[in-house]
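The residues making up each chain are set out below.
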Amino acid sequence: MTLRVSNLSFNYQAKQALKDVSFDAEKGRFTALLGPNGAGKSTLFGLLTRLLTVNNGVIEVAGIDLRQHPLAALAKMGIVFQQPTLDLDLSVQQNLRYFAALHGLSGKSAEMRIEASLDRLGMRERAKEKLRKMNGGHRRRTELARALLHEPSVLLLDEPTVGLDASSRTAITDHVHQLTADGLTVLWSTHLTDEVHPDDALILLHQGVLKEAGTAKDLQNGQSLQDWFLSKTGAEA
Ligand SMILES: Nc1ncnc2c1ncn2[C@@H]1O[C@H](COP(=O)(O)OP(=O)(O)OP(=O)(O)O)[C@@H](O)[C@H]1O
């Protein structure tokens with residue numbers, strides 16, 4: 001198991017945002033964390049990335065306890081946040097070099113990883129272009145390339161398609177599905193059911209509670225995923 005969350009609870013003062021949430025994300029699988037606004041997805045990402053501190057429960061990444069060994073556990077994770085964090089005045093390559101340096105990578109090994117990472121995202125020929133000249137879809141791809149640079153075991157993405165047009169959204173969603181073929185574990189949070197493929201693992205979060213978990217096509221049981229989501233949460237996807 002590459003990512004294991006056990007009995008995770010979290011309160012913002014009086015507000016309980018997560019209630020005893022447990023799940024596993026399997027190696028080489030796309031796990032969709034689906035939930036309407038306010039379900040607790042961002043809180044869960046905050047805990048996984050240590051922006052928030054775990055009150056109760058355990059998070060393990062590739063068998064490493066995040067609370068006990070935060071640096072070792074974080075080194076196994078690639079993270080794409082909801083808000084873009086690239087420098088728009090730098091080129092794709094410069095952004096990646098900067099991030100590589102933050103991870104202690106430089107010289108030939110950094111360049112090789114940058115090239116491999118750009119290849120995975122079909123971005124090599126755009127390496128010298130400034131981010132500011134690129135559309136939202138290519139900026140997101142650059143963020144993905146950056147998140148994969150240190151060869152993580154787990155890729156976390158918090159609503160990564162927010163603000164993208166329909167075709168960029170589909171392209172990024174498909175790309176990330178393809179990355180699992182190399183054994184990468186993906187946790188993708190979303191409130192959009194069309195980003196979930198039938199064979200994906202699906203976790204439904206609602207009002208801080210994990211309501212359902214399983215393979216998408218088994219859970220929806222012949223219904224459209226959107227109707228299923230509506231029936232479970234009362235929310236429009
Ligand atoms: N800083 C905070 N203080 C108090 N309550 C908060 C805070 N941040 C989030 N909450 C509450 O915690 C609950 C979970 O919020 P969270 O942002 O994790 O949900 P979400 O599923 O990510 O929703 P969205 O898609 O809108 O980001 C919500 O009821 C929210 O109002």
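In the nomenclature of an unreviewed UniProt entry, the protein chain is known as Putative ABC transporter ATP-binding protein YbhF of Pelagimonas varians. As stated in UniProt under Sequence similarities (unreviewed entry), the record for the protein chain gives "Belongs to the ABC transporter superfamily."

Participant: Can you explain the confidence of the model for the protein chain? Please cite residues and give values.
Facilitator: Parts of the model with low pLDDT should not have their predicted coordinates read in detail. In the predicted model, the protein chain carries a mean pLDDT of 92, and the fraction of residues at 70 or more is 98%. Interface confidence for the predicted complex, given as ipTM, is 0.95, next to a pTM of 0.92.

Participant: So what's going on with the packing of helix H5 (residues 136-148) against helix H6 (residues 166-179)? Which residues, and what values?
Facilitator: Taken N-terminus to C-terminus, the directions of H5 and H6 make an angle of 20°; their axes are 9 Å apart at the nearest point. In terms of orientation, H5 and H6 fall into the roughly parallel class. Here the hand of the crossing between H5 and H6 comes out right-handed. Within the contact between the two elements, H5 uses Gly136, Gly137, Arg140 and Arg141 and H6 uses Ser168, Ala171 and Ile172.

The rules behind each value
- Residues numbered from 1 in each chain as written.
- Predicted model: local features only at pLDDT ≥ 70, side-chain atom pairs only at ≥ 80, totals over all residues.
- UniProt positions renumbered as here; feature names shortened; annotations may be inferred.
- pLDDT = per-residue confidence, 0-100.
- Axes fitted to C-alpha atoms, helices over the stretch in contact; angles between N-to-C directions.
- Helix = DSSP H or I, 4+ residues; strand = E, 2+ residues; numbered from the N terminus.
- Parallel < 35°, antiparallel > 145°, perpendicular 65-115°, else oblique.
- Left-handed = near helix turned anticlockwise from the far one by under 90°.
- Contact = placed C-beta atoms within 7 Å.

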